Amino acid sequence: MQVNLEESNNITIEREGTSDSFIMCIDSRVTVKLSKSELRLMHALIGAQLQDNQKLGKDALKKVMADALSTNKPKVQEVLRRMKQEDIAFVVWYMGDLRLAHEILGNMSKRAAEDVQETVREAIERRIRKERSTGNNGFESQMNEYGKNAVTAFLKQVFDTDNLAV
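Definitions and limits used
- Residues numbered from 1 in each chain as written.
- Predicted model: local features only at pLDDT ≥ 70, side-chain atom pairs only at ≥ 80, totals over all residues.
- Heavy atoms only, no water.
- Helix = DSSP H or I, 4+ residues; strand = E, 2+ residues; numbered from the N terminus.
- Buried < 20%, exposed > 50% of the residue type's maximum accessible area, 1.4 Å probe, protein only.
- Contact = heavy atoms within 4.5 Å.
- Axes fitted to C-alpha atoms, helices over the stretch in contact; angles between N-to-C directions.
- Parallel < 35°, antiparallel > 145°, perpendicular 65-115°, else oblique.
- Nonpolar A, V, L, I, M, F, W, Y, C, P; charged D, E, K, R; others polar.
- Salt bridge = Lys/Arg side-chain N within 4 Å of Asp/Glu carboxyl O.

For leucine 34, the position within the fold is in strand β4 (residues 30–35). You can call leucine 34 buried: its relative accessible area is 8%. Once residues within four sequence positions are removed from consideration, leucine 34 is found in contact with Asp20, Ser21, Phe22, Met24, Leu39 and Met42.

What follows deals with the packing of helix α4 (residues 85–95) against helix α6 (residues 110–133). At a minimum axis separation of 9 Å, α4 and α6 run at an interaxial angle of 70°. In terms of orientation, α4 lies roughly perpendicular with respect to α6. Residues Gln85, Glu86, Ile88, Ala89, Phe90, Val92 and Trp93 of α4 touch α6, and the partners they reach there are Asp115, Val116, Thr119, Val120, Ile124, Glu125 and Ile128. Partitioned by chemical class, the residues of the contact of α4 with α6 number nine nonpolar, two polar and three charged.

Attention now moves to the pattern of salt bridges. One pass over the structure, following the stated rule, counts nine salt bridges. Of the charged contacts in the structure, one is a salt bridge between glutamate 131 and arginine 127, with a shortest N-O distance of 3.3 Å. Of this pair, glutamate 131 and arginine 127 are both found in helix α6, four residues apart, which corresponds to roughly one turn of the helix. Assessed through its relative accessible area of 12%, glutamate 131 is described here as buried.

Given below as structure tokens:
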């Protein structure tokens, strides 16, 4: 696939042989090798940034998250061990999907999962309600940005461990 951006700029993405690896070439100067999962993540992130409707961007990230959780279970556990509890809470809160939350929390110890749930209820949702009551409506969008960044960091770590294992 080739996309012409301007007169002299273009981006090409080609499959590398019969594998699930892709080569992205920008202006014939920059070459990046991507796995199928990394390409999906890039697609979701770019789609999330370009969407005027924030819900559509979140849906794109949910699809990538669901795929990552189902195909990379051992890697997900390793990433969760390295992440801070607050970051995991932001991932669970931002996704807003019980099935995904259950999948994430199911990869943790019962005690850690309870702590994450408590952080979501007390530190995130309660704080948003408090800020709304004081008239600070911009705080929720700031928290949404933190959540999106936490999801992106989580997915990046899952896909980075994917490359290390190959």
